[in-house]
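Chains, contacts and geometry: an overview
One letter stands for each residue in the lines below.
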Amino acid sequence: MPLSIAPNGTVNSIAKITGNDKVRKHLASLGFVEGETVKVISSMSGNIILQIKGSRIAIDCELAKRILI
């Protein structure tokens, strides 16, 4: 299931990162790697606010579709 459709307040484990090498490297630099837990804080206007590794990060919905949980 893509992270973009996860309900607010849920804690999920990242199963896979899809996309080309550039996208995967960018997400890895933000902390999105397989096995890491991520919490969905809120989702509105096509943007998703996530908590990962103690930090809050906002990404757009298209990028969140590349993260499978």
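Here goes a summary of the coordinates provided. A quick note: this is a predicted structure, and the numbers were derived from the prediction, not measured.

1. Topic: the overall build of the protein
- In terms of regular secondary structure, the protein is built from 2 helices and 6 strands.
- Each helix (α) and strand (β) of the protein, taken in turn from the N terminus, gives the series β-β-α-β-β-β-α-β.
- Against the compact-globule benchmark of 11 Å for 69 residues, the protein has a radius of gyration of 11 Å, which places it among compact chains.
- In terms of overall dimensions, the protein has a C-alpha envelope of 30 × 20 × 20 Å along the principal axes.
- Within the protein, the fraction of its 69 residues that count as buried is 29%.

2. Digging into the sheet that holds strand β3 (residues 37-44)
- The sheet built from 4 strands is open, its strands ordered β1-β3-β4-β5 with antiparallel pairing. Two strands lie at the open edges of the sheet, namely β1 (11-13) and β5 (55-60), each paired on one side alone. Along the sheet, successive strands turn relative to each other by an average axial angle of 35°, direction set aside.
- Where β1 meets β3, 3 bridges bridge the pair, whose relative direction is antiparallel. Residue Ser13 lies in a different strand from β3, and its bridge partner there is Thr37.

3. Here's the deal with the pairing of β5
- With 6 bridges joining them, strand β4 (residues 47-52) and β5 adopt antiparallel strand pairing. Looking at the pairing, Ile48 lines up with Ile59 of β5.
- In this antiparallel pair of consecutive strands, β4 and β5, the connection spans 2 residues, and Lys53 shows a positive phi of 50°.

4. Considerations on helix α1 (residues 21-29)
- In this structure Asn20 caps α1, since a side-chain oxygen of it lies 3.2 Å from the backbone nitrogen of Lys22.
- Phi turns positive, to about 105°, at Gly31, one or two residues after α1.

5. Points about unusual backbone geometry
- Positive phi values are uncommon outside glycine, yet Ser45 reaches one of about 55°.
- Its relative accessible area of 75% is what places Ser45 among the exposed residues.
- Located in the positive-phi region is Lys53, a residue other than glycine, with phi close to 50°.

About the criteria used
- Every chain is numbered independently, its residues counted from 1 as its sequence is written.
- Only residues with pLDDT of at least 70 are given local features in this predicted model, and only at 80 or more are side-chain atom pairs given and counted; all residues enter the totals for whole chains, interfaces and linings.
- Hydrogens and water are ignored here; the side-chain numbers use all heavy atoms of the structure.
- Elements are defined by DSSP. Helices are runs of H or I of four residues or more, strands are runs of E of two residues or more, and each kind is numbered from the N terminus.
- What the globule rule says is 2.2 Å times the number of residues to the power 0.38, and the radius of gyration is computed from C-alpha atoms.
- Only protein chains enter the calculation, and the probe is 1.4 Å; a residue is then buried if its accessible area is under 20% of its type maximum, exposed if over 50%, and partly exposed in between.
- Pairing between two strands is assigned when DSSP locates at least 2 bridges connecting them.
- To obtain each axis, a line is fitted to C-alpha atoms, and for helices this fit is confined to the stretch in contact; angles are then taken between N-to-C directions over 0 to 180 degrees.
- Between N or O atoms, a polar contact is any pair within 3.5 Å; within protein, one atom must be a potential hydrogen donor and the other a potential acceptor, and residues adjacent in sequence are included only when both atoms are from side chains.

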